[in-house]
Each structure stands twice: as C-alpha cells, then as structure tokens.
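Understanding the architecture of this molecule
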Amino acid sequence: MVAAEAAACGVLPVSAGHSGMWEVSRELAAALPTGVGELTSFVVEEGAVEAIAARLNRWLELPEETRAEAREGLVGTARRLWSWEGVARGVIDAARGDRDRLPDA
C-alpha cells in the first residue's frame, strides 16, 4: 500500500506492474491526465532503475499545471478507494454482493 500512501500525499508513485501494485497503479492511472497515468507503473522486465528514472524524469518535465491536476487525481482516488471510509464502503458493498460498485480486480 506504499503506492496508495504516496498518492494520498499527492506524490506520483512509480510501481512495478505486477500483483497488487499493478491494481493500485491501474486505479490511480485512470484518474490522471492523458499521458500521466502511464508513469505510475512499469513492466518488470524493463529494468527497474532505468524505468523508474525515465518516469520520474518525464514527471518533472511536465508543466506544473499538469502535475497539479495529477496530484488532485492521486489524492482523490486514494481517498475514495483506500481511506478508512473508502475501505469501509468497499467492505459493505462486497458484503451486500454489489460487485458493480467495487473496483475491478
């Protein structure tokens, strides 16, 4: 959940694209401006150091307005899905069998 915690602080998380990290990255990417979402994850076979460096460099090259919009998307998504209230809503929806309200796994 480190990626979710970073997002909650408005920091772009860059995670390996597998298992639970991929699920978090996918949810975050959906709330980001065009071209920014792909920065949240990388294919493990790429080579982690180079992949992370490339994404951070691209992030820093973005206009400040785009980064500000992305920060809002990161914080909002983290709050909606992984805050205490967000998790509680997910548990209640799952208990009710309301799968349409749950994030895709």
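Everything that follows concerns the structure shown earlier in this document.
Residues numbered from 1 in each chain as written. Predicted model: local features only at pLDDT ≥ 70, side-chain atom pairs only at ≥ 80, totals over all residues. Heavy atoms only, no water.

1. Describing unusual backbone geometry
Peptide bonds are trans in most cases, and residues, glycine excluded, mostly fall at negative phi. Filter applied, for reference: We count a stretch as a helix when DSSP gives it H or I for four or more residues in a row; a strand needs E for two or more, and each element gets its number in order from the N terminus.
In this model, Ser19 sits at a positive phi of 50 degrees, which is unusual for a non-glycine residue. Along the chain, the position of Ser19 falls in helix H2 (residues 19-29).

2. Side note on the pattern of salt bridges
Using the following cut-off: Salt-bridge detection follows one rule: a side-chain nitrogen of Lys or Arg within 4 Å of a carboxyl oxygen of Asp or Glu. With a 1.4 Å probe rolled over the protein chains alone, any residue whose accessible area is under 20% of its type maximum counts as buried; one over 50% counts as exposed, and the rest are partly exposed.
Scanning the model with the defined rule gives 3 salt bridges in all. For Arg58, the salt bridge identified is with Glu38, shortest N-O distance 2.4 Å. Pair noted here: Arg58 is in helix H3 (residues 48-61) and Glu38 is in the loop between H2 and strand E2 (41-42), with a separation of 20 residues, a long-range link. When the shortest N-O distance is used, the salt bridge between Arg71 and Glu64 registers 3.0 Å. By relative accessible area, which is 28% here, Arg71 ends up partly exposed. Because the salt bridges share partners, they merge into one network encompassing Glu64, Arg67 and Arg71.

3. Focus on the nonpolar core
Put simply, the rule is: Nonpolar cores were defined as sets of buried Ala, Val, Leu, Ile, Met, Phe, Trp, Tyr and Cys residues, with membership established by side-chain atoms within 4.5 Å.
Core analysis: the biggest nonpolar cluster contains 13 residues, and Val36 and Trp59 have the highest contact counts within it. Residue assignment for this core shows that the elements contributing at least two residues are helix H1 (2-8), H2 and helix H4 (64-82).

4. Remarks on the side chain of Ser25
For clarity, the cut-off: Side-chain atoms alone can form a polar contact between residues adjacent in sequence; in general such a contact is a pair of N or O atoms within 3.5 Å, and within protein one must be able to donate a hydrogen while the other accepts it.
Following the sequence through the fold, Ser25 ends up in helix H2. Under the relative-accessibility criterion, Ser25 is labelled buried at 3%. A polar contact of 3.2 Å, which involves the side chain of Ser25, links it to the backbone oxygen of Thr40.

5. Structural notes on the packing of H2 against H4
For clarity, the threshold we go by: The axes are straight lines fitted to the C-alpha atoms, using for helices just the contacting stretch, and the angles between their N-to-C directions are given from 0 to 180°. Reported orientations rely on four angle classes, namely roughly parallel under 35 degrees, roughly antiparallel over 145, roughly perpendicular from 65 to 115, and oblique for the rest. Crossing chirality is assigned from the near helix's rotation relative to the far helix, an anticlockwise turn below a right angle marking it left-handed and a clockwise turn marking it right-handed. Note on contacts: a residue pair qualifies if any of its non-hydrogen atoms lie within 4.5 Å across the two residues.
With their axes 9 Å apart at the nearest point, H2 and H4 run at an angle of 125 degrees to one another. In terms of orientation, H2 lies oblique with respect to H4. Note that H2 runs across H4; the crossing there is right-handed. Residue-level inspection shows Val24, Glu27 and Leu28 of H2 in contact with H4, the latter providing Leu74, Thr77, Leu81 and Trp82.

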